[in-house]
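As a plain string of letters, each chain reads:
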Amino acid sequence: MAPTTGDLQLTSPGAVEHTDDLEDVRLLDSYDTNDVIHDETKRIQVRITGMTCAACSNSVETALRSVNGVTEASVALLQNKADVVFNPSLVKDDDIKNAIEDAGFEAEILQDSGPAAVGGSAAVVVGQFTIGGMTCAACVNSVEGILRNLNGVKRAVVALATSLGEVEYDPNVISKDDIVAAIEDAGFEGSFVQSNGQDRIVLGVGSVYSLVDAKVLEGMLSDIKGVRQFRFDPVLNELDVVFDPEVISSRSLVDGIQLGSNGKFRLHVRNPYARMGSKDGSETSTMFRLFISSLFLSIPLFFIGVICPHIPSVYSLLLWRCGPFLMGDWLKWALVSVIQFVIGKRFYIAAGRALRNGSTNMDVLVALGTTASYVYSVCALLYGALAGFWSPTYFETSAMLITFVLLGKYLECLAKGKTSDAIKKLVELTPPTALLVVKDKGGRAIEEREIDSLLVQPGDTLKVLPGTKIPADGIVTWGSSYVNESMVTGESIPVSKEVNASVIGGTINMLGVLHIQATKVGSDTVLSQIISLVETAQMSKAPIQKFADYVASIFVPTVVVLSLLTLLCWYIAGALGAYPENWLPENGNHFVFALMFSISVVVIACPCALGLATPTAVMVATGVGANNGVLIKGGDSLERAQMVKYVIFDKTGTLTQGKSTVTAAKVFTGMERGQFLTLVASAEASSEHPLGKAILQYAHHFHFFDECSPTSGTKSDAGDFKSGWLYDVSDFSALPGRGVQCFIDGKRILVGNRKLLEENGIDISTEVENFVVELEESAKTGILVAYDDVLTGVLGIADPLKREASVVVEGLRKMGVVPVMVTGDNWRTAQAVAKEVGIEDVRAEVMPAGKADVVRSFQKDGSIVAMVGDGINDSPALAAADVGMAIGAGTDVAIEAANYVLMRDNLEDVITAIDLSKKTFFRIRLNYVFAMAYNVVAIPVAAGVLFPSLGIQLPPWVAGACMAMSSVSVVCSSLLLRRYKKPKLTTILEIVVN
């Protein structure tokens, strides 16, 4: 029989043997394998056949470490692989192979194992892994502990709500496959998603129908220069390729395969986030299938116990004795056995791995409760057959318990899926294809072709039709249109785009046709960085989560102890005659009566609700924030923001529009106005300061009466003004906090504030001082100019306040937050601006580095301080603040210093960020109150505390239903945050709108 493609594994071209490994390979590694590292040590990987258990792997490790010259040896049982580091001057590859074979196993040196430096300086890789099978905070703690203890792992964070783990590791010490193996060794399902250290692409492949097609694909990949390793999954029709980007690009790789097959193989790039979403959907489908199967088998049990006794003809068949048992008992035993050990197998597997790792979780409780009920029922049947005394059985208890737990898991999967909608929506913003404009050497367009948008490269010219999405970040090179950026920045008004304007990938072109040149693609785009920020926030843990982790670590053992105490108390009480015999079930005894209470205690307790209380709320909040243009970097940021006492605003570009314009220009010497402006513009042409750009544009407009907006102030605009009319400048230097100085025709020119001129001994006359004071008292900045050590003139520059500034300041004050303004400007200008906006506490003439000191001064009494800045000059203060908010960062969202990124250039989002944080932590506290109250109330009721007085007894299956619903209710509570609406300033300010 011909072999199938199911077992086909494709590997690196030119490899001696085929292997199913796909190791990470560093960008500049040689293709030659098993290199000597540092001339002293060498690393190889060995495939081992014949290992069946941990004892085998320990045996191999012992054998390897006993070889003289071997410095490190680790064996992965599930991967059947050993990683060995040794001194090649003392031991050879064959010696290692012989040592393994002498231990009784087969060994094979892997020729495609890449070199790895021992103690080298390779960059640390941050990898993302999916982790299946986690049910509560105890599972998370277990996985995190295992990952952090791995050699080579620097950091590991696991999120229950997203079933994701983020691991920072050294690829020279440990590979991604080793991490996956560690996860699987712990009893969970693990798979690699992506990392920042990969030159890797995953492609969906169509038209691979047979082994012959797969062999053709393998041959083509082997012939493509730059392809390092590859693996084809015939089940998913996925091709996983590692390549050298210095040799071949991802698009050239795809084109090479498609052209080489004459179009037979249809390829498309698999988005890693979309692949993760499909796995989430698969888990939900699995839970639904298990629930339906359990329900389908439980219905006959309900009919046997409730309906059939009222139908004599059917009931007589159930009472027919078949061997030692009644037919009804046989049927119940058979149905429940399938539910218990086939459908409910996952609970035993999960409980086993938890116990193996020295932890306990929800699955342990479910396995204990259902097993106790099932084992008792079987023993009751066997005892009845032997002794003739028939006790009641509780098979239906196990069946109903498993059914309700699976229903809860299914509903929980649905709810958790809803919490990750923000990332799904962001991923969907990327269009599937892009229209590439192919040009000849002369730059003329010769054709247009459609390509996968994930294959766009920097420098590509893309055609964007009206009504379609822009596939990548770029610059408009031809055409004009309006672009809807609301899905990224939250700004609803379409933005005009002309030539040289920047565009953001994922936004929608409204009207005209545009040609754009791609500048940022892949993980560098604004959209990808937004996704990364949201994902990082959802992976993070708020400090309050530590409480849940601690409770989870002691919860299950405590419940098991309480269950045993319940059993003993009721049994001893019955044996001593402390309660009447009529409390016992029919044909029951004291042990059975006590056992039902004990099982109810086990199954009603729910640590899942505690574990989900914080992460689900944080996930929903980050998604809601992203939809409103507020990107939150973590749960700890949310926790601090809801306690903010002071909000410190930078002035320029934060409270003001950041669009400086020259409103006055006065010359105090006999110099002509035009010459004066040309001198100042020449000095400021090399400056990057916004005020310098405003001066340059004003001077250009004065001379040429151009139509350029004097408020654009972009770097490209400034570059257009610098030719043909400016003086030659030498020895230019920027003086932070003071201004600039340079030399023109050998004469020094100074442009800046009073401090600059005073430091250089230049007198400021009373006339000049009065003019500058007048400017400053009208909230304008006075710029003094000295030429050849003589004060020549003054420029007045205004930066209008944002229209919402004063209302937002008043709104913060109404919320109990104290607003503060900090600026490098002079005191008079600062006071004038502060008075206009309504801020009483002002810190002026502060250098950029000194803003961080201002933040720290407010933190001395333990107050939580937020800093709002433009994310560029204010980064030290943003980092020093408890909550850093970078505002107006729509094209630069990767601001490391900030905790919040406010995509819109609107101060109202400061209030939104604080309000959302408060609403989120109110929901988290509510979740904890509910989860704790549920367990505090439910466990005593299940133990029978109310039975003597009120006769209330919870059967185990009812307890199971309550447990299943508790975790679902917490998730649904968090989902209510999706209804969050941004606060209206009119409401905050108590303004009545007629």
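Residues numbered from 1 in each chain as written. Predicted model: local features only at pLDDT ≥ 70, side-chain atom pairs only at ≥ 80, totals over all residues. Heavy atoms only, no water.

Stated precisely, the cut-off is as follows: UniProt positions are given in the numbering used here, feature names are shortened, and annotations may be inferred rather than shown by experiment.
An unreviewed UniProt entry lists the chain under the name HMA domain-containing protein, with Sphenostylis stenocarpa given as the organism. Checking UniProt for the chain, the heading Subcellular location (unreviewed entry) contains the comment "Membrane". The UniProt entry for the chain carries this comment under Sequence similarities (unreviewed entry): "Belongs to the cation transport ATPase (P-type) (TC 3.A.3) family. Type IB subfamily."

**A few points about the overall build of the chain**
Heads up, the condition is: Only DSSP runs of H or I covering at least 4 residues are called helices, and only runs of E covering at least 2 are called strands; the numbering of each starts at the N terminus. When a residue's accessible area, from a 1.4 Å probe over protein chains only, is under 20% of the maximum for its type it is buried; when over 50% it is exposed; and in between it is partly exposed. Here a residue-residue contact requires only that any non-hydrogen atoms of the pair lie within 4.5 Å. What sets the accessible areas is the Shrake-Rupley method with a 1.4 Å probe; for residues, cover comes only from the shown protein chains.
From N to C terminus, the chain includes 33 helices and 37 strands. Considering the chain as a whole, with its 994 residues, one finds that 54% of them fall into the buried category. Contacts spanning at least 24 positions in sequence make up 70% of the contacts within the chain whose residues lie at least 6 apart. When the accessible surface of the chain is totalled, it reaches about 43,100 Å², and 57% of it is carbon and sulfur.

**Some words on the sheet that holds strand β17 (residues 445–452)**
Under the convention used in this document: What makes two strands pair is DSSP finding at least two bridges between them.
What the six strands build is an open sheet, ordered β17-β16-β18-β24-β19-β22; its pairing is antiparallel. In the strand order of this sheet, the two ends are held by β17 and β22 (502–503), each with one partner. As paired elements, strand β16 (residues 433–439) and strand β18 (residues 461–464) share three bridges and run antiparallel to each other. Pairing of L435 across the sheet is with K463, part of β18.

**Some words on the sheet that holds strand β34 (residues 841–843)**
What counts, and what does not: All axes here are fitted lines through C-alpha atoms, helices being fitted over the stretch that makes contact, and every angle between N-to-C directions spans 0 to 180 degrees.
One open sheet holds the seven strands; their spatial order is β25-β37-β36-β35-β26-β33-β34, and the pairing between them is mixed. A single partner strand is all that each edge strand has here, and the edge strands are β25 (630–632) and β34. Between one strand axis and the next, the sheet turns through 20° on average, direction left out of account. Sheet strands touched by helix α28 (residues 850–859): β26 (644–650), β33 (818–822), β34 and β35 (864–869). Its angle to β26, the strand with the most contacts, is close to 165°.

**Considerations on the pattern of salt bridges**
Short version of the rule: Salt bridges are defined as contacts in which a side-chain nitrogen from Lys or Arg sits within 4 Å of a carboxyl oxygen from Asp or Glu.
For the coordinates displayed, the defined rule picks out 19 salt bridges. Residue E166 is joined to R155 by a salt bridge in which the shortest nitrogen-to-oxygen separation is 3.2 Å. With a gap of eleven residues between them, E166 in strand β8 (residues 164–169) and R155 in strand β7 (residues 153–159) connect regions that are remote in the sequence. The exposure class of E166 is buried, given its relative accessible area of 16%. Residue classification places R155 among the partly exposed residues on the basis of a relative accessible area of 32%. A salt bridge links E448 to K463, with the nearest nitrogen and oxygen atoms 3.2 Å apart.

**Some words on helix α27 (residues 827–837)**
Spelled out, the test is: Side-chain atoms alone can form a polar contact between residues adjacent in sequence; in general such a contact is a pair of N or O atoms within 3.5 Å, and within protein one must be able to donate a hydrogen while the other accepts it.
Residues of α27 that are buried include every one of T829, A830, A832, V833, A834 and V837, and no others. Next to the buried residues of α27 lie α20 (651–655), α25 (766–777), β31 (781–787), α26 (805–814), β33 and β34. Where α27 starts, the residue carrying a side-chain oxygen 3.1 Å from the main-chain nitrogen of R828 turns out to be N826.

**Comments concerning unusual backbone geometry**
Despite not being glycine, D731 shows a phi value in the positive range, around 55°. In this model, D789 sits at a positive phi of 65°, which is unusual for a non-glycine residue. Position of D789 relative to the elements: it lies in the loop between β31 and β32 (790–798).

**Quick look at the UniProt feature "transmembrane region" (unreviewed entry) in the chain**
On the UniProt side, "transmembrane region" (unreviewed entry) is annotated at positions that read residues 288–312, 318–343, 364–386, 398–415, 547–573, 593–613, 928–951 and 957–977 here. Annotated as 86% helix and 0% strand, the span residues 593–613 places its first and last C-alpha atoms 35 Å apart. Measuring from the first to the last C-alpha atom of residues 928–951 gives 30 Å, for a span that is 79% helix and 0% strand.

**Topic: the packing of aromatic side chains**
To keep things clear, this is the line we draw: Stacked, tilted and edge-to-face are the three classes applied to pairs of Phe, Tyr and Trp rings, where Trp contributes its six-membered ring and a pair requires centres within 6.5 Å; stacked means planes under 30 degrees apart, edge-to-face means over 60, and tilted covers the rest. We call a charge positioned over a ring when the NZ of a Lys or the CZ of an Arg lies within 6 Å of the ring centre and within 35 degrees of the ring normal.
All told, the structure shown has 19 aromatic pairs when counted by the stated rule. Residues Y374 and F395 carry aromatic rings whose centres are separated by 5.9 Å and whose planes lie at 65° to one another, so their mutual orientation is edge-to-face. Taken as a pair, Y374 in helix α11 (residues 362–387) and F395 in helix α12 (residues 395–419) lie far apart in primary sequence, 21 residues in all. Residues Y374 and F395 agree in their burial class; the two are buried. Above the plane of the ring of F192 lies K176, whose end atom (NZ or CZ) is 5.5 Å from the centre. The lysine or arginine in question, R346, covers the ring of F347, its NZ or CZ lying 5.3 Å from the ring centre.

**Here we look at the nonpolar core**
Stated precisely, the cut-off is as follows: Residues belong to one nonpolar core when they are buried, are Ala, Val, Leu, Ile, Met, Phe, Trp, Tyr or Cys, and are joined through side-chain atoms within 4.5 Å.
Core analysis: the biggest nonpolar cluster contains 144 residues, and M134, V647, F649, L655, M885 and Y900 have the highest contact counts within it. No other element matches helix α30 (residues 908–942), which puts 14 residues into this core. Each residue touching M885, except ones within four places of it in the same chain, is listed here: M867, V868, G869, L878, Y900, L902, V910, A913 and I914. Among the nonpolar cores identified, the runner-up in size contains 26 residues, and A665, M671, F676 and A685 belong to it.

**Thoughts on the packing of α26 against α30**
Each pair of packed helices gets described by two things: the angle between the helix axes and the distance between those axes. Rule in force here: Convention used here: angles under 35 degrees read as roughly parallel, angles over 145 as roughly antiparallel, angles from 65 to 115 as roughly perpendicular, and any remaining angle as oblique. Amino acid classes used here: Ala, Val, Leu, Ile, Met, Phe, Trp, Tyr, Cys and Pro are nonpolar; Asp, Glu, Lys and Arg are charged; the rest, including Gly, are polar.
One way to put it is that α26 packs onto α30 with a least axis distance of 9 Å and a crossing angle of 25°. Considered as vectors, α26 and α30 are oriented roughly parallel to each other. Contact residues: V808, G811 and L812 in α26; E908, I911 and I914 in α30. Here the residues of the contact of α26 with α30 are counted per class, giving four nonpolar, one polar and one charged.

**Quick word on the confidence of the model for the chain**
Threshold: A residue's pLDDT is simply how confident the predictor is in it, with values from 0 to 100.
Per-residue pLDDT for the chain averages 78, and the proportion of residues at 70 or more is 82%. Here residues 1–39 is a poorly scored stretch, pLDDT under 50, and it has 113 contacts once near neighbours within four places are set aside; other chains count. The model gives residues 112–122 a pLDDT under 50, and that stretch makes 30 contacts with residues more than four places away or in other chains.

**A short note on the pairing of β8**
Burial runs high along β8: five of the six residues are buried. Of the strand pairs in this sheet, strand β6 (residues 125–132) and β8 are connected by six bridges, and their pairing is antiparallel. Its bridge partner being in β8, F129 is matched across the sheet by G165. Bridge analysis of β7 against β8 gives six bridges, and the strand direction is antiparallel. Looking at β8, one finds that A156 is bridged to V167.

**Quick word on helix α10 (residues 345–356)**
Structurally, the α-helix is built with 3.6 residues per turn, so residues lying three or four positions apart point the same way. Operational definition: Expected span, for any helix, means 1.5 Å times one less than how many residues it has.
The end-to-end C-alpha distance of α10, which contains twelve residues, comes to 16 Å, matching closely the 16 Å that a straight helix rising 1.5 Å per residue would cover. Within two residues after α10, G358 carries a phi angle of roughly 75°, on the positive side.

**Observations concerning the side chain of D460**
Along the chain, D460 falls in the loop between β17 and β18. A distance of 2.8 Å separates a polar atom in the side chain of D460 from the backbone nitrogen of Q457. Leave out the neighbours within four places in its chain, and D460 touches R251, L436, I516, Q517 and A518.

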